[in-house]
Amino acid sequence: MAHSSLKDKIKSMDLPGSLLLICGTVALLLALQWGGSEYAWDDWRIRGLFMLSGIMLAAFAGVQVWAGDKATIPLPALLSTLHPSSNLISSLIFQVLLSLGIGLGSQNSTLVPQVAVQKEDVVIAISSLTFVQALSSSVSLVIGQSVFHNRLVENLRVSAPSIDPSMVEKGVTMLRDTIPPEMLADVLGAFSRAITDTFHVAVVMCAFSLVGSASLRWKSIREKTVEE
């Protein structure tokens with residue numbers, strides 16, 4: 001079996017992505033380290049570091065999408081790796097992990113207003129945050145539905161051109177009753193790829209949310225309680 005050449009190994013290292021990730025992370029850490037101590041938070045140096053970090057991390061996310069399987073952090077999440085032939089155990093394990101992640105992370109955002117605003121403004125801050133979360137969920141659902149529908153129609157046009165997209169609008173549970181058996185595998189593949197692309201959008205948005213999370217100041221709820 002032929003071994004990969006040094007040139008091929010270098011090409012597979014995703015050097016642009018690694019460089020952007022390192023520089024973006026360093027800029028973010030410097031801003032958090034210097035902000036409020038070496039320089040004021042509104043100092044041009046701190047703001048410049050935050051802007052530089054955001055640009056580089058956004059570029060890193062773009063490189064990951066472009067690089068695909070050769071990316072530093074392959075973007076297809078666990079659920080996006082499922083396909084029509086995946087077994088039930090894999091899908092259940094992935095959904096359990098997703099549920100654990102949502103359960104552990106979704107409540108953390110409600111802790112931020114408790115230390116970031118004055119005591120009399122906590123209720124308003126939490127209410128506003130809850131409203132934004134609900135609104136963003138609704139908007140994200142519409143975006144995901146649009147991506148899924150457009151990708152499904154495009155995939156069907158390529159994989160199963162003889163199938164009318166309106167035939168699959170009843171949902172995946174009705175496919176076996178409405179699609180000819182000889183075309184079923186192609187249609188299921190089109191569905192699977194459309195779902196994968198939809199999850200890719202969600203993963204990219206999660207990656208962007210890490211930038212905002214990392215920019216939060218490190219404060220303790222207990223310390224504020226003692227001060228009050």
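In this report, the structure presented in the accompanying data block is examined. The model shown is predicted, which means the values in this text are computed figures rather than measured ones.

1. Structural notes on the overall build of the chain
And step 1. Helices and strands together make up the secondary structure of the chain, namely nine helices and zero strands.
And step 2. Overall, the chain shows an N-to-C arrangement of helices and strands of α-α-α-α-α-α-α-α-α.
And step 3. The burial tally for the chain puts 21% of its 228 residues in the buried class.
And step 4. The long-range share in the chain, meaning contacts at least 24 apart out of those at least 6 apart in sequence, stands at 55%.

2. Some thoughts on the nonpolar core
And step 1. Within the largest apolar cluster, 13 residues are counted, with the highest numbers of intra-cluster contacts made by Leu152, Leu156, Val168, Leu175, Ile179 and Val187.
And step 2. Contributions of two or more residues to this core are made by α6 (122–159) and α8 (181–214).
And step 3. Of all the elements, α8 adds the most residues to this core, at six residues.
And step 4. Leave out the neighbours within four places in its chain, and Leu156 touches Pro161, Pro165, Val168, Val187 and Ala190.

3. Details of the packing of α6 against α8
Each pair of packed helices can be described by the angle between their axes along with the distance between the axes.
And step 1. In the contact formed by α6 and α8, the axes pass within 8 Å of each other and the chain directions differ by 145 degrees. The handedness of the crossing between α6 and α8 is right-handed. Across the interface between the two elements, Gly144, Val147, Phe148, Arg151, Leu152, Asn155, Leu156 and Ser159 of α6 pack against Asp186, Val187, Ala190, Phe191, Arg193, Ala194, Ile195, Asp197, Thr198 and Val201 of α8.
And step 2. Partitioned by chemical class, the residues of the contact of α6 with α8 number ten nonpolar, four polar and four charged.

4. What to know about the side chain of Ser192
And step 1. Relative to the elements of secondary structure, Ser192 occurs in helix α8.
And step 2. On the basis of relative accessibility, which here comes to 15%, the residue Ser192 falls in the buried class.
And step 3. Once residues lying within four places of it in the same chain are set aside, the contact partners of Ser192 are Leu82, His83 and Pro84.

Procedures and definitions
- Residues numbered from 1 in each chain as written.
- Predicted model: local features only at pLDDT ≥ 70, side-chain atom pairs only at ≥ 80, totals over all residues.
- Heavy atoms only, no water.
- Helix = DSSP H or I, 4+ residues; strand = E, 2+ residues; numbered from the N terminus.
- Buried < 20%, exposed > 50% of the residue type's maximum accessible area, 1.4 Å probe, protein only.
- Contact = heavy atoms within 4.5 Å.
- Core = buried A, V, L, I, M, F, W, Y, C linked by side-chain atoms within 4.5 Å.
- Axes fitted to C-alpha atoms, helices over the stretch in contact; angles between N-to-C directions.
- Left-handed = near helix turned anticlockwise from the far one by under 90°.
- Nonpolar A, V, L, I, M, F, W, Y, C, P; charged D, E, K, R; others polar.

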